[in-house]
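Fold and contact review
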Amino acid sequence: MANHPPISYRDYLKIETLLEIQKPRSNEFGHPAHDEMLFIITHQTYELWFKQILTEIDFVLASFGSEKVDEAIMGQAVSKLHRVIAILRLLVDQVSVLETMTSMEFLEFRNYLYPASGFQSVQWRLIENKLGLARETRLTYNSLPYTAFVSEPERDVLLASESQASLFQLVDTWLARTPFLQTEGFNFKVELKNAVDDMFTEDRDKVLGNTLLSDDERKKNIAAVEGMKQTFASLLEPEAFEKLRVDGIFRMSYGAIHAALFINLYRDEPILHMPFQLLTALQDIDELMTTWRYRHSLMAHRMIGMKVGTGGSTGAKYLKGATEGHRIFTDLFNLSTYLIPKSKRPVLPEGLRLKMRFN
Ligand code: HEM
């Protein structure tokens, strides 16, 4: 105990320092605006939660950074991502607290902020970079890179985060290493192609045998079946898949996408439970960040209408664009196009199924 002297709540949490740092500028300049305190505290709590999110993401990056991802660590990494999800839910809800301030109340002190803007939130940018938002995907902001609006030391931190492997890249590499897709007596790609061909032949026969359809409707339905068949073929053939990447449907590698599809189709196999949870968590994070961006853009719209932002962007218009434009794990969403019913999946050989069980 000698090394751990008692400490008070106030000292442990540095409460005095924490409560010292809310300084409304409207007070400083002699025109106190009541709601500025709420504005400051809301932003500060967001930044604190951003710090916690980054702590969790760093843990997950370290877990996925090694040559072989330890299975015990994998469970921990997924639980940290679940924590990020819980925080993001809170951050979406928190918007409604700030929305108790009206647009007129905001105008009481908005002028004192210029040219400060959430656009300069280094932690938010770090979250985006570490998760895997690529620089070339970012919307341009007055034709300047996002790094032009922060201080030089902050720029260095952001550039360093861009040059490190992101979670997107690490997950891609990890997925591409997934065993089971090509083992003795089983080639997932070939088996999937056969299963899908059978499925579409069945669909085609159903359309041809449907006497309730007119000739025109029959033609349209057959074309739809052929179109879906072609869509699947693009996923399985390397050159066609490359076109999907060029078109922005997928950003992940050929091998990684097939592994993600395999995990989705056979997620009931015990060894795939955790990988499936990981992929689901990444989708949840993408969806919640998108939801936050959208909520934030609506809040900006109701507060400032069509005015430009304090940081100089087109305001709500820019934010709405970033909502869809800055998504990171869209690959995992687009993959749902290629899911087929359980009853149509290729049957796994018994030897392979046994390998995927823990006993
Ligand atoms: C009255 C409330 C708010 C308004 C009117 C508002 C408005 C804006 C606007 C217009 C932008 C675009 C950049 C610019 O031109 O300034 C922006 C960016 C941003 N704001 Fe807010 N904001 C508000 C509250 C918040 C809060 C509470 C946070 C929490 C941290 C936040 C975080 C951000 C972030 C991270 C960006 C950059 C988004 C991106 O570039 O994708 N904002 N905000």
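Rules behind the numbers
Residues numbered from 1 in each chain as written. Predicted model: local features only at pLDDT ≥ 70, side-chain atom pairs only at ≥ 80, totals over all residues. Heavy atoms only, no water. Helix = DSSP H or I, 4+ residues; strand = E, 2+ residues; numbered from the N terminus. Contact = heavy atoms within 4.5 Å. Areas by Shrake-Rupley, 256 points an atom, 1.4 Å probe, with all protein chains shown as cover. Lys, Arg positive; Asp, Glu negative; His and termini not counted. Charge placed at Lys NZ, Arg CZ, Asp CG, Glu CD. Near = heavy atom within 4 Å. Polar contact = N/O pair within 3.5 Å; in protein donor to acceptor, adjacent residues only side chain to side chain. Nonpolar A, V, L, I, M, F, W, Y, C, P; charged D, E, K, R; others polar. Donors = N, O, S within 2.8 Å, 3.2 Å for Na, K, Ca; no water. Core = buried A, V, L, I, M, F, W, Y, C linked by side-chain atoms within 4.5 Å. Buried < 20%, exposed > 50% of the residue type's maximum accessible area, 1.4 Å probe, protein only. Patch = residues over 30% accessible without salt bridge, like charges linked within 9 Å, V, L, I, M, F, W, Y side chains within 5 Å. Salt bridge = Lys/Arg side-chain N within 4 Å of Asp/Glu carboxyl O.

1. A closer look at the overall build of the chain
Scanning the chain for helices and strands turns up 17 helices and two strands. When the backbone C-alpha atoms are referred to their principal axes, the chain occupies close to 80 × 65 × 35 Å. Contacts spanning at least 24 positions in sequence make up 74% of the contacts within the chain whose residues lie at least 6 apart. Element-wise, carbon and sulfur atoms account for 57% of the exposed surface of the chain, whose accessible area totals about 20100 Å². Counting 41 positive and 46 negative side-chain charges, the chain places the centres of these two groups 1 Å from one another.

2. Here's the deal with the site of the ligand
Ser 117, Arg 125, His 296, Ser 313 and Tyr 318 are the nearest of the 28 residues found near the ligand. Within the contact set of the ligand, an oxygen atom lies 2.7 Å away from a side-chain nitrogen or oxygen of Ser 313. Between the ligand and the protein, one listed contact pairs an oxygen atom with a side-chain N or O atom of Tyr 318 at 2.6 Å. Going through the elements one at a time, helix 4 (36-64), helix 7 (122-131), helix 14 (273-304) and helix 15 (316-325) are the ones with two or more residues in the shell around the ligand. Here the element with the most residues in the shell around the ligand is helix 14; it accounts for six residues. For the shell around the ligand, the residue count by class is 16 nonpolar, 11 polar and one charged.

3. Notes on the coordination of the iron atom of the ligand
For the iron atom of the ligand, the sole protein-derived donor is His 296 (NE2), lying 2.1 Å away. In this fold, His 296 is placed in helix 14.

4. Remarks on the nonpolar core
Grouped together as the largest cluster of nonpolar side chains are 97 residues, with contacts concentrated most on Phe 64, Ile 127, Leu 131, Leu 175, Phe 188, Phe 262 and Leu 278. Other than its neighbours up to four places away in sequence, Phe 188 contacts Leu 181, His 258, Leu 261, Phe 262, Leu 265 and Tyr 266.

5. Quick notes on the environment of Tyr 12
Among the structural elements, Tyr 12 can be located in helix 1 (residues 9-12). The exposure class assigned to Tyr 12 is exposed, which follows from its relative accessible area of 60%. Between the C-alpha atoms of Tyr 12 and Lys 206, which are 194 residues apart in sequence, the distance is 70 Å.

6. What about the environment of Ile 53?
Tracing the chain through its elements places Ile 53 in helix 4. Ile 53 sits 32 residues away from Ile 85 along the chain, and the two C-alpha atoms are 9.1 Å apart. For Ile 53, the contacting residues outside a window of four places in its chain are Val 84, Ile 87, Leu 88, Leu 91 and Ile 127.

7. Points about the environment of Pro 115
By the element assignment, Pro 115 lies in the loop between helix 6 (103-110) and helix 7. Remark: the alpha-carbon pair of Pro 115 and Gly 309, spanning 194 residues in sequence, is separated by 8.7 Å. Apart from residues no more than four positions distant in its own chain, Pro 115 is found in contact with Gln 120, Thr 310 and Gly 311.

8. A short note on a nonpolar patch on the surface
A contiguous nonpolar surface patch, about 510 Å² in accessible area, is contributed by Ile 7, Tyr 9, Tyr 12 and Leu 13. Structurally, Leu 13 is set in the loop between helix 1 and helix 2 (15-20).

9. Comments concerning unusual backbone geometry
In this structure, the amide linkage connecting Tyr 114 to the following residue, Pro 115, adopts the cis form with an omega of -10 degrees. In this structure, Lys 14 takes a positive phi of about 50 degrees despite not being glycine. Tracing the chain through its elements places Lys 14 in the loop between helix 1 and helix 2. Positive phi, close to 80 degrees, is recorded for Phe 180, a residue that is not glycine. In this structure, Phe 180 sits in the loop between helix 9 (167-176) and strand 1 (182-183). When its relative accessible area of 12% is taken as the criterion, Phe 180 is described as buried.

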